[in-house]
Amino acid sequence: MNKWQTQLFVDPSDGRVMSLDTYVSAKPYHLLAEALQDDLAAMDRLIQERMQSRNAPLIPEIAAHLVEAGGKRVRPMLTLAVARLFGYRGEDHHRLAATVEFIHTATLLHDDVVDESRQRRGRPSANLLWDNKSSVLVGDYLFARSFQLMVETGSLPVLGVLSQAAAILAESEVLQLSAAASLKTSEEMHLSILRGKTAALFAAAAEVGGIVAGASERQVEALREFGDAFGIAFQIADDLLDYFGDADATGKEPGNDFRERKLTLPVIKAVANASAEERAFWQRTIERGEQKDGDLERALELIDRHGAAAAAREQALEWSARAKGALELLPDHELRDMLHDLTEYVVVRLV
């Protein structure tokens, strides 16, 4: 349990008081996954089929290492849930959910190479077990497969949304490289990177679910707004959990972002209020990468001293509220309620 969690939590859907652990295990992810279990199974069959390669057996080997490691698959679940919410009865939402998962998996493979990561989803990263070249090329293969799947829907609007999201993802990766380890990175620039690297795919995942199901133009816009705000809240929370989360729950070793010299919102806020001595610490550890024993603990102390974590949490709550507001424009449906609960959970983790 991280430093913000309390023993008891009031369930926002029915007012019951329960332990946070009970809330997290029962709601909302598991209930949503249960409601979508048939669609998720169909998507999984498609993923398994399309990640195969007769000519390059290394491709499914590496892809399966990451795909089978788990992950909550929140992005494709957004696509499936939205399509069902609008009463869709075809099969294209399975293709689109697989497309979204392939794009996400490809970016994880590429990210681990760029960040020189050694762990992903609680397991050794693919680039550590194989090599950087193989990880990059298998990521490229999954990107190609994702475009094949989206073309099969025959929808130009869907193609437009997902291809734009893929372009924004790549652009934001480059922008992050230019801002990496620079204490000059502002909150505004960080938000731009975060919106491109994370929120863009959440927004596209929700949007294409609505498009394939025939949602109105205003509803599709609301889905885009929901996915964007949800993605930003999700990433801010994830960045906070990197410093204060439980490794067993997150699947990541605490402090990975610090060791990889990533400037996330808690650090950016701490740097903005740093004294000369504190700034020198951040310059040594982040800009120059000269880290030693005890530096992570010092970083945590500085983040806490300036209220940077609490301020970042407040921003996560604000974005979560925006996401829930966008959901109000969707049809009244139990899946909409589950998406509301999922949005609540993103920030409940930080209570």
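From a predicted model like this one, the values you see are computed outputs, not experimental measurements. (Residues numbered from 1 in each chain as written. Predicted model: local features only at pLDDT ≥ 70, side-chain atom pairs only at ≥ 80, totals over all residues. Heavy atoms only, no water.)

**Thoughts on the overall build of the protein chain**
- Check the secondary structure of the protein chain and you find 18 helices and 4 strands.
- Burial analysis of the protein chain (351 residues in total) assigns 54% to the buried set.
- A fraction of 72% describes how many contacts in the protein chain between residues 6 or more apart in sequence connect residues 24 or more apart.
- Total accessible area on the protein chain stands at roughly 15400 Å², and carbon and sulfur atoms take up 50% of it. (Helix = DSSP H or I, 4+ residues; strand = E, 2+ residues; numbered from the N terminus. Buried < 20%, exposed > 50% of the residue type's maximum accessible area, 1.4 Å probe, protein only. Contact = heavy atoms within 4.5 Å. Areas by Shrake-Rupley, 256 points an atom, 1.4 Å probe, with all protein chains shown as cover.)

**Here we look at the environment of serine 216**
- Secondary-structure assignment places serine 216 in the loop between helix H10 (187-212) and helix H11 (217-244).
- Serine 216 gets classed as partly exposed once you look at its relative accessible area, which sits at 34%.
- Along the chain, serine 216 and leucine 330 lie 114 residues apart, while their C-alpha atoms are 9.9 Å from each other.

**Comments concerning the environment of alanine 312**
- Within the fold, alanine 312 resides in helix H17 (residues 308-327).
- Exposure remark for alanine 312: the relative accessible area of 0% places this residue in the buried category.
- C-alpha of alanine 312 to C-alpha of lysine 269: the two residues are 43 residues apart in sequence and 8.0 Å apart in space.

**With respect to the pattern of salt bridges**
- The tally for this structure, following the rule as stated, stands at 23 salt bridges.
- The salt bridge involving glutamate 173 is made with lysine 197; its shortest N-O contact spans 3.8 Å. Of this pair, glutamate 173 sits in helix H9 (residues 156-179) while lysine 197 is found in helix H10, placing the two residues 24 residues apart along the sequence.
- Measuring nitrogen to oxygen at the nearest pair gives 3.0 Å for the salt bridge that ties glutamate 207 to arginine 224. One end of the pair, glutamate 207, is in helix H10; the other, arginine 224, is in helix H11, and 17 residues separate them in sequence.
- On the basis of relative accessibility, which here comes to 8%, the residue glutamate 207 falls in the buried class.
- Via salt bridges that share partners, Glu49, Arg50, Asp92, Arg95 and Glu152 belong to a single interconnected network. (Salt bridge = Lys/Arg side-chain N within 4 Å of Asp/Glu carboxyl O.)

**Observations concerning the side chain of histidine 190**
- You can see histidine 190 is positioned in helix H10.
- Assessed through its relative accessible area of 9%, histidine 190 is described here as buried.
- With sequence-adjacent residues up to four places away left out, histidine 190 is seen in contact with Thr185, Asp239, Leu263, Thr264, Leu265 and Ile268.

**Let's talk about H9**
- If you check H9, its first and last C-alpha atoms are 34 Å apart, about what 24 residues at 1.5 Å a residue would give, namely 34 Å.
- Those residues of H9 that fall on the buried side of the exposure criterion are Val158, Val161, Leu162, Ala165, Ala166, Leu169, Ser172, Glu173 and Ala179.
- Immediately downstream of H9, the backbone of alanine 181 shows phi near 60°, a positive value. (Expected span 1.5 Å × (residues − 1).)

**Overview of unusual backbone geometry**
- Despite not being glycine, arginine 261 shows a phi value in the positive range, around 65°.
- Along the chain, the position of arginine 261 falls in the loop between helix H13 (256-259) and helix H14 (265-272).

**Focus on the side chain of threonine 79**
- The residue threonine 79 is located in helix H5 (residues 74-85) in this model.
- Under the relative-accessibility criterion, threonine 79 is labelled buried at 0%.
- Contact partners of threonine 79, with chain neighbours within four places excluded, come to His93, Leu96, Ala97, Val100, Ala205, Val208 and Gly209.

**Quick word on helix H8 (residues 132-151)**
- Between the first and last C-alpha of H8 there are 29 Å, a value that for 20 residues agrees with the 28 Å anticipated at 1.5 Å per step.
- Of the positions making up H8, those classed as buried are Ser134, Ser135, Val138, Gly139, Tyr141, Leu142, Phe143, Ser146, Leu149 and Met150.

**A word on the nonpolar core**
- Of all hydrophobic cores here, the largest spans 98 residues; its most connected members are Leu32, Phe226, Phe230, Ile236, Trp282, Ile303 and Leu339.
- Apart from the residues within four sequence positions on either side, isoleucine 303 is in contact with Tyr243, Phe244, Pro266, Val267, Ala270, Trp282, Ala308 and Ala309. (Core = buried A, V, L, I, M, F, W, Y, C linked by side-chain atoms within 4.5 Å.)

**A word on the packing of aromatic side chains**
- According to the stated counting rule, one finds 7 aromatic pairs in the structure shown.
- With 5.1 Å between their ring centres and 55° between their planes, phenylalanine 202 and phenylalanine 234 make a pair best called tilted. A residue pair is termed long-range when its members are at least 10 positions apart, and phenylalanine 202 in helix H10 and phenylalanine 234 in helix H11 qualify at 32 residues.
- The exposure class assigned to phenylalanine 202 is buried, which follows from its relative accessible area of 0%.
- Joined through ring pairs, the aromatic side chains of Phe202, Phe226, Phe230 and Phe234 make up one cluster.
- Arginine 298 extends its terminal NZ or CZ atom over the ring of phenylalanine 281, reaching a point 5.9 Å from the ring centre.
- Directly above the aromatic system of tryptophan 319 lies the positively charged group of arginine 322, at a separation of 4.0 Å from the ring centroid. (Phe/Tyr/Trp six-rings, centres within 6.5 Å; stacked < 30°, edge-to-face > 60°. Lys NZ or Arg CZ within 6 Å of the ring centre and 35° of its normal.)

Function cannot be inferred from these measures alone, as they are strictly geometric.
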